[in-house]
Amino acid sequence: MKHCFGLNDENYELWLSPGQHDYRLHLGDEVIAPVALSDHLDGSALLVIASEAVPVRFAIEGDTLHLHIRGRTHILRYRDPLRELGSSDEQASHLVARAPMPGVVVAIAVCHGDVVCAGATLMVVESMKLEVVVRAPRGGVIERIHFGVGESFERGVALVTFSEEGR
């Protein structure tokens, strides 16, 4: 599964894949191997990238990783694909929870007319044997649930539509 991180106002897509005896880091079209992290459980670790070991210090705060490496501190922010899709700049799209990936609805936690807060669980979906909780990108009233349990959908489609009425 690809992950997106923001660093210095730029977004980077990356993912790890297992090798025969190690992991490979995919960053765009570049593959870096081997990659490993030995966490010392005290906010410090040894990061190995392409056989070069580098001591690092880190702190995790929600979706933000503060990483001190080679005398410099970097702030990486995890970009949740659902939150990104659900909070697009288009006027009407902020009232829609969109699918972060193609999948199948496993469970629905809300009904038409329910009032929900931002972050509330809306449904659970499955994609490639991975279950993902779809959360409300904002508060509102459930106007429409577009798919039922067992129904499949494509990436980016509206799963749940909200209305601001009744809030």
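None of the values given here were measured: they were computed from a predicted structure. (Residues numbered from 1 in each chain as written. Predicted model: local features only at pLDDT ≥ 70, side-chain atom pairs only at ≥ 80, totals over all residues. Heavy atoms only, no water.)

All right, on to the confidence of the model for the protein chain then. Taken as a whole, the protein chain shows an average pLDDT of 85; of its residues, 89% reach a score of 70 or greater. Summarising per-element confidence for the protein chain, the mean pLDDT is lowest in helix α1 (residues 81-86) (54) and highest in strand β10 (residues 103-108) (96). Predicted confidence for residues 86-93 stays below pLDDT 50, and this span has 6 contacts to residues more than four positions away or in other chains. (pLDDT = per-residue confidence, 0-100. Helix = DSSP H or I, 4+ residues; strand = E, 2+ residues; numbered from the N terminus. Contact = heavy atoms within 4.5 Å.)

Strand order in this closed barrel of 8 strands is β1-β2-β3-β4-β5-β6-β7-β8, and the pairing throughout is antiparallel. Averaged over all neighbouring strand pairs, the angle between strand axes comes to 35°, with direction disregarded. (Pairing = 2+ DSSP bridges. Axes fitted to C-alpha atoms, helices over the stretch in contact; angles between N-to-C directions.)

Further remarks concern the pairing of strand β2 (residues 10-18). In the sheet, strand β1 (residues 3-7) pairs with β2 via 5 bridges, with the strands oriented antiparallel. Within the sheet, the bridge partner assigned to Cys4 lies in β2 and is Glu13. For β2 and strand β3 (residues 23-27), the ladder comprises 5 bridges, and the chain directions are antiparallel. Looking across to β3, one finds that Pro18 is bridged to Tyr23. What sits between β2 and β3 in their antiparallel hairpin is a turn of 4 residues.

Let us look at the pairing of strand β12 (residues 121-127). Burial of β12 is extensive: 5 of the 7 residues sit out of reach of the surface. Of the pairings in the sheet, the one linking β10 to β12 comprises 4 bridges and is antiparallel in character. Bridging across to β12, Val105 finds its partner in Val125. The sheet contact formed by β12 and strand β13 (residues 130-135) spans 6 bridges and is antiparallel. Note that in β13 the partner of Met123 across the bridge is Val134. Between β12 and β13, which follow one another and run antiparallel, lie 2 residues, and Met128 among them has a positive phi close to 55°. (Buried < 20%, exposed > 50% of the residue type's maximum accessible area, 1.4 Å probe, protein only.)

Enumeration over the complete set of coordinates arrives at 2 aromatic pairs. On the basis of an interplanar angle of 55° and a centroid distance of 5.8 Å, the ring pair of Phe147 and Phe153 is categorised as tilted. A relative accessible area of 4% means that Phe153 is categorised as buried. (Phe/Tyr/Trp six-rings, centres within 6.5 Å; stacked < 30°, edge-to-face > 60°.)

Its location among the elements puts Leu67 in strand β7 (residues 64-69). Overall, the relative accessible area of 17% leaves Leu67 in the buried class. Leu67 has contacts with Val56, Arg57, Phe58, Arg72, Thr73, His74 and Leu76, leaving out every residue within four places of it along the chain.

Here we take up the pattern of salt bridges. Per the counting criterion, the structure on display carries 1 salt bridge. Between Arg70 and Glu52 there is a salt bridge, with the nearest N and O atoms lying 2.5 Å from each other. Remark: Glu52 occurs in strand β6 (residues 52-61) and Arg70 occurs in the loop between β7 and β8 (72-79); sequence separation between them is 18 residues. Its relative accessible area of 43% is what places Glu52 among the partly exposed residues. (Salt bridge = Lys/Arg side-chain N within 4 Å of Asp/Glu carboxyl O.)

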